[in-house]
Amino acid sequence: MTTTEVSRQCGEIEVRGEFDLAATARFLTGFAPAGQPEAEPGALRVAFLLEGDWTPVGAVLRQRSPGAVSVEVHGPPEHTGAVVEQVRRMCSLDIDGTAFPEAGARDPVVSLLQGMHPGLRPVLFASPYEAACWAVLSHRIWMTQAVRLRRRLTERYGTEVDVGGSRLRTFPSPAALAEMEYLPGLPGPKLPRLRGLAAAAAEVMLDAATLRAMPAEEALKQLQLLPGIGRFSAELILIRGAGHPDVFPRGETRLHEIMRDAYHLPDAGAAELAEIAEAWAPFRSWVSFLFRVEGEARMRESR
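First, a word on what this report is: a plain description of the structure on this page. (Residues numbered from 1 in each chain as written. Predicted model: local features only at pLDDT ≥ 70, side-chain atom pairs only at ≥ 80, totals over all residues. Heavy atoms only, no water.)

Within the structure shown, the criterion is met by nine aromatic pairs. Judged by centre distance (5.8 Å) and plane angle (70°), the ring pair of Tyr129 and Phe171 falls under edge-to-face. Here Tyr129 is found in helix α5 (residues 128-138), whereas its partner Phe171 is found in the loop between β7 (166-169) and α7 (174-178), with 42 residues between them in sequence. As far as burial versus exposure is concerned, Tyr129 and Phe171 are alike and both buried. Here the aromatic residues Phe248, Tyr263, Trp280 and Phe291 are joined through ring pairs into a cluster of three or more. (Phe/Tyr/Trp six-rings, centres within 6.5 Å; stacked < 30°, edge-to-face > 60°. Helix = DSSP H or I, 4+ residues; strand = E, 2+ residues; numbered from the N terminus. Buried < 20%, exposed > 50% of the residue type's maximum accessible area, 1.4 Å probe, protein only.)

Between its terminal C-alpha atoms helix α6 (residues 143-157) stretches 21 Å, which fits the 21 Å expected from 15 residues at 1.5 Å a residue. Of the positions making up α6, those classed as buried are Ala146, Val147, Leu149, Arg150, Leu153 and Thr154. The arc that holds the buried residues of α6, viewed along the axis, is 160°, so those residues lie on one side. Away from its buried face by more than 90 degrees, α6 exposes Thr144 and Glu155. The inward-facing, buried residues of α6 contact α5, β7 and α7. (Expected span 1.5 Å × (residues − 1). Arc of directions from axis to C-beta. Contact = heavy atoms within 4.5 Å.)

A word on the environment of Phe100. Counting through the fold element by element, Phe100 comes out in helix α3 (residues 100-106). Residue class for Phe100 comes out buried when judged on its relative accessible area of 10%. Separated by 123 residues in sequence, Phe100 and Leu223 have C-alpha atoms that sit 28 Å apart.

Okay, the pattern of salt bridges next. Counted under the stated rule, the structure contains 13 salt bridges. Across the pair Glu130 and Arg150 runs a salt bridge, and its minimum N-O distance is 2.5 Å. Separated by 20 residues along the polypeptide, Glu130 in helix α5 and Arg150 in helix α6 bring together distant segments of the chain. Taking relative accessible area as the criterion, Glu130 reaches 10% and is therefore assigned buried. By relative accessible area, Arg150 is classed as buried at 11%. Among the salt bridges present, the one from Arg231 reaches Glu217, with a minimum N-O distance of 3.1 Å. Here the residue Arg231 occupies a position in helix α11 (residues 231-241), and Glu217 occupies one in helix α10 (residues 216-223), the gap between them amounting to 14 residues. On the accessibility criterion, Arg231 (25% relative accessible area) is partly exposed. Counted as one network, the salt bridges with shared partners bring together Glu160, Asp162 and Arg167. (Salt bridge = Lys/Arg side-chain N within 4 Å of Asp/Glu carboxyl O.)

Right, here's the structure in full:
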């Protein structure tokens, strides 16, 4: 399915705290589930489904100054404001990051991380729905397999959007996913789970604002009622889908391994690591993201 460019409008996002859009673009270029090519150095081009009515839209983000990011919107004019708000959340610009350096002042390990990745904030999936689908697709298979499945799913059931001359594809809408009967290479149990998530999204059970407004533990419990979603996946949805800024991922063992190495605590359990993370509040999700980014960078260097 393809949608042609119907309009181009502009909006602007105020940046509160340090932010580097070029760092965000570089992250997405190397983030396998996104797989976005860098068509314009320093700019970020994205195509996604507008949360709620699932209209395919696109946007080009450019940082004109440290305190402002311009948003060139590609989609129906009536959705301009909603597109700007969604990319604002996707880049974690809906959070005032002015106090983020204070987490580094309380923890020298965090200060080092912030120095190595200046201006990099968590980069989110377009919606909790898309994050939930990725959690199911990637569960208990190799990352390369999961990326192939997502690409195949997007190519077959997504929508192509002209984003300022670059043709990008969105993730499939809940309606498209609900009707999917077969996807080559998709393990059998994952299909009904994906359909279940599509139904949950259509019934507004994966709404970012609603999840963010709930106490974190309550939101995590609610998410674990969805098909195929355990603690690890629920944390992924809440943190990287809804954009909650202050959740320590207790189910993410890879993060725990990176932290044990960084703090020289080879035997530390999740509870002890969560206690260390108390010093990061109210940015525990942000610091956890930087740990993962640095850990993955070191893995690539060691290959």
